[in-house]
Amino acid sequence: MGKAYRVLFVSTFAFVVCFAVWLVFGVIGIPIRRELGLNATEFGLLTATPVLSGAALRLPLGIWTDRYGGRIVMTILLLAAAVPVWLVSYAGQLWQFLTVGLFLGAVGASFAVGTPYVARFFPANRRGFAMGFFGAGTSGAALNMFVAPAISVAWGWRAVPRAYAVALLVTAGVFWLLSAPDPGVGARRTPTLAEQLRVLRDPRVWKYCQYYSLAFGGFTALSLWMPQYFVGEYGLGIAAASALAASFSLPAGVLRALGGALSDRFGAHALTWWVLWVAWILLFLLSYPQTQLVVETIRGPVSFHIGLNVWMFAPLLFALGVVMAFGMASTFKYLGDDFPETLGVVTGIVGLAGGLGGFLLPILWGALLDLLGIRSSAFMLLYGIVWVSLILIYFTEVRRVDFHGRQASKES
């Protein structure tokens, strides 16, 4: 198990770096928005473009990981991604940022490489923990919130992608030296592409896609959206806004390993059910817009302000980050239990759905903000998505479990 834990640690380190790079526009997009005069929808498109390519590449990279092994695929990905990351520093127009961002987004597909790679080093009863620990690499979002503003303030925002490109090259070297050959390669017959994609016929895959589009898609989108949310809603500077935004992204990354361990102990279904209910409550509170209420009294109008100040908003956001961390881990516990033989391709499919959620949500939030002018409309939209997930899990798991339980008791 010494080799297994070494692979787990170095893979998680590589994922931390990749995730920080993947969400770089969440921070440097704020000064870019000022330079280019972007509206909210254009800003959403700028931040979300890398997420789109990262999502699209998860399926092919998951397939290649099953075929060629995670060590080779991850190393090549780290080396290749350094080039477009460096080129970001030379962009000057929106179309240039979007084009380079598409290539930069490849680092987001590292999740579909590392998850099956580390899982194959662990026995079935420890895979939830292993995948959750690796998933804690999403704490790179919080790392980006601290590192990118510091570099930007000291040397300007164009220094950030250059520093990140160097970090990718160094990480590639460290990963290759400390990782090990994938035990899933050569151990059995390599399945054909048609055999790998046959899993798409299983309806459980699509259900887990919906769960993950909320948990991971919501996490990714909020990690991108929150710095500018704090700037616009509460008038904070970039450094302070990014630090408070890290109150969401840090627990969502670090506690994912705990979520994996809880999934191993209590089961993926039980943890996901409670995660959805707690998220439903938190999003209801976060959705409430800043409201000025005027009441006509016998002495004249009296106004009341109802809304969350920054010190109430940040703890609720922190709690939502914890909940999403558990939700991401429990979803992949489902996959490890139900699809151990095709984990690479299923990880790619479900990861693709999560990445698409992270791509679409910032654009939709920007459009809603331009249309309604209410910043908390972002949480209103997530609140509705949680409703869909609760209905889905109730009819496909909770009600079915209750029905089978009653049938068993009648037969006994």
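Residues numbered from 1 in each chain as written. Predicted model: local features only at pLDDT ≥ 70, side-chain atom pairs only at ≥ 80, totals over all residues. Heavy atoms only, no water.

Peer 1: Can you explain the overall build of the protein? Please cite residues and give values.
Peer 2: Helix and strand counts for the protein come out as 18 helices and two strands. When its C-alpha atoms are laid out on the principal axes, the protein stretches across 80 × 65 × 35 Å. Within the span of the protein, comprising 412 residues, buried residues form 55% of the whole. Long-range pairs, those at least 24 residues apart, make up 84% of the contacts in the protein between residues at least 6 apart in sequence. When the accessible surface of the protein is split by element, carbon and sulfur atoms take 70% of a total near 16900 Å². Taking the average location of the 27 positive side-chain charges in the protein and that of its 16 negative ones, the two points are 6 Å from each other. (Helix = DSSP H or I, 4+ residues; strand = E, 2+ residues; numbered from the N terminus. Buried < 20%, exposed > 50% of the residue type's maximum accessible area, 1.4 Å probe, protein only. Contact = heavy atoms within 4.5 Å. Areas by Shrake-Rupley, 256 points an atom, 1.4 Å probe, with all protein chains shown as cover. Lys, Arg positive; Asp, Glu negative; His and termini not counted. Charge placed at Lys NZ, Arg CZ, Asp CG, Glu CD.)

Peer 1: Tell me about the packing of aromatic side chains, and please be specific about residues and values.
Peer 2: Inspection of every chain in the model, using the stated rule, returns 36 aromatic pairs. Taken together, a centroid distance of 4.8 Å and an interplanar angle of 15 degrees make the contact between Phe15 and Phe134 stacked. Of the two residues, Phe15 sits in helix H1 (residues 2-22) while Phe134 sits in helix H8 (residues 127-135), which places them 119 residues apart along the sequence. Here Phe15 and Phe134 have matching classes, each one buried. Feature note: the residues Phe15, Phe19, Trp22, Phe111, Phe134, Tyr212, Phe216, Phe219 and Phe248 constitute an aromatic cluster, connected by ring pairs. Geometry around Trp176 places Arg71 over its ring, the cationic atom sitting 3.9 Å from the centre. (Phe/Tyr/Trp six-rings, centres within 6.5 Å; stacked < 30°, edge-to-face > 60°. Lys NZ or Arg CZ within 6 Å of the ring centre and 35° of its normal.)

Peer 1: Go over the nonpolar core with me, naming the residues and quoting the values.
Peer 2: Counting residues in hydrophobic clusters, the biggest one holds 127 residues, and the most contacted among them are Leu168, Leu222, Met226, Phe230, Phe313, Leu320 and Phe379. Once residues within four sequence positions are removed from consideration, Phe379 is found in contact with Leu222, Met226, Tyr229, Leu283, Leu286, Ser287, Phe313, Leu317 and Leu320. (Core = buried A, V, L, I, M, F, W, Y, C linked by side-chain atoms within 4.5 Å.)

Peer 1: Which residues make up the packing of H1 against H8, and what values go with them?
Peer 2: In a packed pair of helices, the relevant descriptors are the angle between the two axes and the axis-to-axis distance. Between H1 and H8, whose axes approach to 8 Å, the crossing angle comes to 30 degrees. Between H1 and H8, the angle falls in the class roughly parallel. Facing H1, whose interface residues are Tyr5, Leu8, Phe9, Ser11, Thr12 and Phe15, H8 presents Phe129, Ala130, Phe133, Phe134 and Gly135. Per-class residue counts for the contact of H1 with H8 are eight nonpolar, three polar and no charged. (Axes fitted to C-alpha atoms, helices over the stretch in contact; angles between N-to-C directions. Parallel < 35°, antiparallel > 145°, perpendicular 65-115°, else oblique. Nonpolar A, V, L, I, M, F, W, Y, C, P; charged D, E, K, R; others polar.)

Peer 1: Which residues make up empty space enclosed by the protein, and what are the values?
Peer 2: Summed over all chains, the structure comprises two cavities of 30 Å³ or more. In this model, the largest cavity occupies a volume close to 120 Å³. Considering the residues around the largest cavity, the lining is formed by Tyr211, Leu214, Ala215, Thr272, Val275, Leu276, Ala279, Val323, Met324, Gly327, Thr331 and Val386. By residue class, the composition of the lining of the largest cavity is nine nonpolar, three polar and no charged. If you add up the space inside the second largest cavity, you get close to 50 Å³. Lining the second largest cavity, in full, are Tyr229, Glu233, Tyr234, Leu286, Tyr288, Gln290, Leu308, Phe313 and Ser376. Sort the elements by how many residues they give to the lining of the second largest cavity and helix H12 (residues 203-234) lands first, with three residues. (1 Å grid on protein atoms, 1.4 Å probe; cavity = no way out; pocket = protein on both sides within 12 Å on 5 of 7 lines; lining within 4 Å. Points joined across faces, edges and corners; volume = space filled by probe spheres on them.)

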